[in-house]
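Coordinate analysis (summary)
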Amino acid sequence: MSFKMTDKVTWVGKIDWELRTFHGDEYSTHRGSSYNSYLIRDKKTVLIDTVWEPFAEEYVEKLKKEIDLNEIDYIIAQHSEIDHSGALPLLMKEIPNTPIYCTSNGAKILKGHFHEDWNFVEVKTGDTLDIGESTLTFVEARMLHWPDSMMTYMSGENILFSNDAFGQHYASDLMYNDLVDQGELYQEAVKYYANILTPFSVLVTNKIKEVLGFNLPLNMIATSHGIIWRDNPAQIVEKYLEWADAYQENQITIVYDTMWNGTKRMAEAISEGIKSVNKDVTVKLYNAANSDKNDVITELFKSKAILFGSSTVNKSIMHATAGILEMIKGIGFKNKKSAAFGSYGWSGESVAVIEQKLKDAKLEIVQEGIKELWNPDAEATSRCIEFGKNFAEKL
Ligand code: FEO
């Protein structure tokens, strides 16, 4: 499948309907993904990005049906992560001397991945490539989300090829933002931001302001994953500015692990206490052991406050909650209040362990954690309800 986006630009990527995990098992992809590659035909012919290696053969064969590969004047490798560069080795076997435009970090990483001395042309922000009626302008986007990342703006067609930025792991043959289910689209876009881009939020804000400063007309944002933003493409730019600014909704999320449901009952009682004080707040509960970790991270991203609970096991906490706590330490959420809770049988270290992890993640702990022995009885349940009330009142 390929399709024309404009007279000059054709999508030549791959929709990966089967993908269910990405980055090893670091990111769940319930709705698949796509690897978007773009062919520009002006006086010069340009290929922007390729696809993931398992699809390399299929990609090159389809590309041959679209164009004589020898007609490709330039390849632009906006990002060397192998979901976009994986087909380069096979493609370069066919057209080994074609220049590859990339950042200096891009050249280093591509050499590191493929150990090939291709004809790299290193570019910086503001460098241009005249391809006929249109001009391509490169914009480095260092650490958005790799050191090599860059974007490319095409004048005339007014398309920003943004690579990973503004993308979503979302397979759809409808291809454009205005044609797909908006709930699905934004669920995948915010999940992508929460899990992948949150650590770089300051850079996101600065880069968007820098690009907006160029005052470029914008007809489309052509990302490297998911749909192309053509209907009011500025909407996702505005969303990114919101998401990058310590984003929160009126939501509290409670994440827990539980061995025999004691900690689960505590979570439910805490939730009841919160709601008794604030009926408008959304409270969501997730058992970390049976929830998708990236969906949980997305809910934590949207929350103004988060609570973690675990039974005590082996003087520590259970592994699923520990995993989420380790993830949020790396992601670096800002401006979220927190507290800990957990049930125990004898030694009862879980609350202290969670509190240390919340501190390590630089989250503000608004009140001392609560622990209850065995299965909470009526009195213990009342204490948990009170704990929830106090927590809500401190927000
Ligand atoms: Fe879609 Fe960072 O690769």
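Residues numbered from 1 in each chain as written. Predicted model: local features only at pLDDT ≥ 70, side-chain atom pairs only at ≥ 80, totals over all residues. Heavy atoms only, no water.

Moving on: the overall build of the chain. A count of helical and extended segments in the chain gives 12 helices and 22 strands. Considered along the principal axes of its C-alpha atoms, the chain spans approximately 80 × 40 × 35 Å. Accessible surface, the chain: about 16600 Å² in total, of which carbon and sulfur atoms supply 49%. Charged side chains of the chain number 41 positive and 57 negative; the gap between the two group centres comes to 5 Å. (Helix = DSSP H or I, 4+ residues; strand = E, 2+ residues; numbered from the N terminus. Areas by Shrake-Rupley, 256 points an atom, 1.4 Å probe, with all protein chains shown as cover. Lys, Arg positive; Asp, Glu negative; His and termini not counted. Charge placed at Lys NZ, Arg CZ, Asp CG, Glu CD.)

So, about the packing of helix H8 (residues 262-277) against helix H12 (residues 378-393). In the contact formed by H8 and H12, the axes pass within 7 Å of each other and the chain directions differ by 45°. As the angle between them shows, H8 and H12 are arranged oblique. Where H8 crosses over H12, the handedness of that crossing is right-handed. For the pair H8 and H12, contact is made by Met 266, Ala 269, Ile 270, Glu 272, Gly 273, Ile 274, Ser 276 and Val 277 and by Thr 381, Cys 384, Ile 385, Phe 387, Gly 388, Lys 389, Phe 391, Ala 392 and Glu 393, respectively. For the contact of H8 with H12, a count of residues per class yields 10 nonpolar, four polar and three charged. (Axes fitted to C-alpha atoms, helices over the stretch in contact; angles between N-to-C directions. Parallel < 35°, antiparallel > 145°, perpendicular 65-115°, else oblique. Left-handed = near helix turned anticlockwise from the far one by under 90°. Contact = heavy atoms within 4.5 Å. Nonpolar A, V, L, I, M, F, W, Y, C, P; charged D, E, K, R; others polar.)

As a rule of thumb, nonpolar side chains are buried together in soluble globular proteins. One finds Phe 166, Tyr 240, Trp 243, Leu 300, Phe 308 and Ile 328 to be the most contacted residues of the largest nonpolar core, which totals 82 residues. Looking at this core element by element, the count peaks at nine residues for helix H5 (residues 182-197). Three or more residues apiece are contributed to this core by two domains, here domain 1 (3-243) and domain 2 (252-393). In contact with Trp 243, other than residues within four places in its own chain, are Tyr 186, Ala 189, Val 190, Tyr 193, Ser 201, Ile 236 and Phe 301. The next biggest cluster of nonpolar side chains, apart from the first, holds 27 residues, and it includes Val 123, Ile 131, Leu 136 and Ile 159. (Core = buried A, V, L, I, M, F, W, Y, C linked by side-chain atoms within 4.5 Å. Buried < 20%, exposed > 50% of the residue type's maximum accessible area, 1.4 Å probe, protein only. Domains from an automatic or database assignment.)

So, on to the pattern of salt bridges. Tallied over the full model, the rule gives 18 salt bridges. Among the salt bridges present, the one from Glu 61 reaches Lys 64, with a minimum N-O distance of 3.5 Å. Separated by three residues within a single helix, Glu 61 and Lys 64 lie in helix H1 (residues 56-66), roughly one turn from each other. Glu 94 is the partner of Lys 64 in a salt bridge, and the nearest nitrogen-oxygen pair spans 3.0 Å. In this pair, Lys 64 sits in helix H1 while Glu 94 sits in helix H3 (residues 88-94), placing the two residues 30 residues apart along the sequence. (Salt bridge = Lys/Arg side-chain N within 4 Å of Asp/Glu carboxyl O.)

On to unusual backbone geometry, then. Negative phi is the rule for most residues except glycine; trans is the rule for most peptide bonds. Residue His 145 follows Leu 144 across a cis peptide bond; omega there is 10°. By the element assignment, His 145 lies in the loop between strand S13 (135-140) and strand S14 (150-154). Positive phi is not limited to glycine here, since Trp 374 has a value of about 50°. Here Trp 374 lies in the loop between strand S22 (370-373) and H12.

This part takes up the domain arrangement of the chain. The domain architecture assigned to the chain consists of domain 1 (3-243) and domain 2 (252-393). Between the C-alpha centres of domain 1 and domain 2 the distance comes to 39 Å. Taken together, the two surfaces of domain 1 and domain 2 that pack against each other cover about 1100 Å², and 54% of this comes from carbon and sulfur. Summed over the three residues of domain 1 that lose the most area to domain 2, namely Ala 194, Asn 195 and Thr 198, the buried surface amounts to 36% of that side. Salt-bridge contacts for Lys 191 lead to Asp 295; the nearest nitrogen and oxygen are separated by 3.4 Å. Along the contact surface separating domain 1 from domain 2 lie eight residue pairs in polar contact (both at pLDDT 80 or more). Examining the composition of the side of domain 1 that touches domain 2, we find that six residues originate from one element, H5, more than from any other. (Buried area = accessible area lost by both parts, 1.4 Å probe. Polar contact = N/O pair within 3.5 Å; in protein donor to acceptor, adjacent residues only side chain to side chain.)

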